[in-house]
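Remarks on the overall topology
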Amino acid sequence: QVQLVESGGGLVQAGGSLRLSCAASGRTFSRFHMGWFRQAPGKEREFVAAISRSGGNTNYADSVKGRFTISRDNAKNTVYLQMNSLKPEDTAVYYCAADESIAIIPFSGDYWGQGTQVTVSS
């Protein structure tokens, strides 16, 4: 029903910034809550951030609150994750997800992108 493609990952030094983008296909982007998850080597996939259909509500994991900002542009069918003050522990594959549920909490993806690698050096 929707396809998601992430971009913007790469290698950055600790304290630096990256902006991830997730482009969605189709004309029904605004029907979905959108979110970001990440998975580090040897760990389970964990929730990072979510944003409601209209962009009016957001939710963040405690580990990234104050450093990361999720946003969306429904006219462009795109969701963003601005990551500032990056730490080595932020190193992971970051996945974009779309959720059809009514509430953004708890957020669980019904559709997933392929992921983009973020590596933060010490």
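Above: the structure in question.
Predicted model only: the values in this text are computed from it and were never measured.

Across the sheet, four strands lie side by side as β1-β3-β8-β7; this open sheet has antiparallel pairing. The two strands at the open ends of the sheet, each matched to only one other strand, are β1 (4-7) and β7 (68-73). When strand polarity is set aside, the average angle formed by the axes of neighbouring strands in this sheet is 15°. Of the pairings in the sheet, the one linking β1 to strand β3 (residues 18-24) comprises four bridges and is antiparallel in character. Residue Val5 lies in a different strand from β3, and its bridge partner there is Ala23.

Below, the discussion takes up the pattern of salt bridges. Should their charged atoms come close, side chains of opposite charge can pair. As enumerated under the stated definition, the model contains four salt bridges in all. Put simply, Glu46 and Arg38 hold a salt bridge, and the shortest N to O gap is 2.7 Å. When its relative accessible area of 35% is taken as the criterion, Glu46 is described as partly exposed. Of the charged contacts in the structure, one is a salt bridge between Asp90 and Arg67, with a shortest N-O distance of 2.8 Å. Placement of Asp90 in the loop between β8 (78-83) and β9 (92-99) and of Arg67 in the loop between β6 (58-60) and β7 is noted, with a sequence separation of 23 residues between them. Residue classification places Asp90 among the buried residues on the basis of a relative accessible area of 1%. Since its relative accessible area comes to 11%, Arg67 is described here as buried.

Bringing the packing of aromatic side chains into the picture now. Tallied over the entire structure, the rule returns five aromatic pairs. Considering the side-chain rings of Phe37 and Phe47, the 5.7 Å spacing of their centres and the 75° angle between planes classify their relative orientation as edge-to-face. With Phe37 in strand β4 (residues 33-39) and Phe47 in strand β5 (residues 46-51), this pair connects stretches of sequence that are 10 residues apart. Owing to a relative accessible area of 21%, Phe47 belongs among the partly exposed residues under this scheme. Summarising the aromatic geometry, the rings of Phe37 and Phe107 are spaced 5.8 Å apart at their centres and angled 35° between planes, so their arrangement reads as tilted. Of the two residues, Phe37 is situated in strand β4 and Phe107 in the loop between β9 and β10 (111-112); the sequence distance between them amounts to 70 residues.

Cut-offs applied
Residues numbered from 1 in each chain as written. Predicted model: local features only at pLDDT ≥ 70, side-chain atom pairs only at ≥ 80, totals over all residues. Heavy atoms only, no water. Pairing = 2+ DSSP bridges. Helix = DSSP H or I, 4+ residues; strand = E, 2+ residues; numbered from the N terminus. Axes fitted to C-alpha atoms, helices over the stretch in contact; angles between N-to-C directions. Salt bridge = Lys/Arg side-chain N within 4 Å of Asp/Glu carboxyl O. Buried < 20%, exposed > 50% of the residue type's maximum accessible area, 1.4 Å probe, protein only. Phe/Tyr/Trp six-rings, centres within 6.5 Å; stacked < 30°, edge-to-face > 60°.

Coordinates in, geometry out; function isn't part of it.
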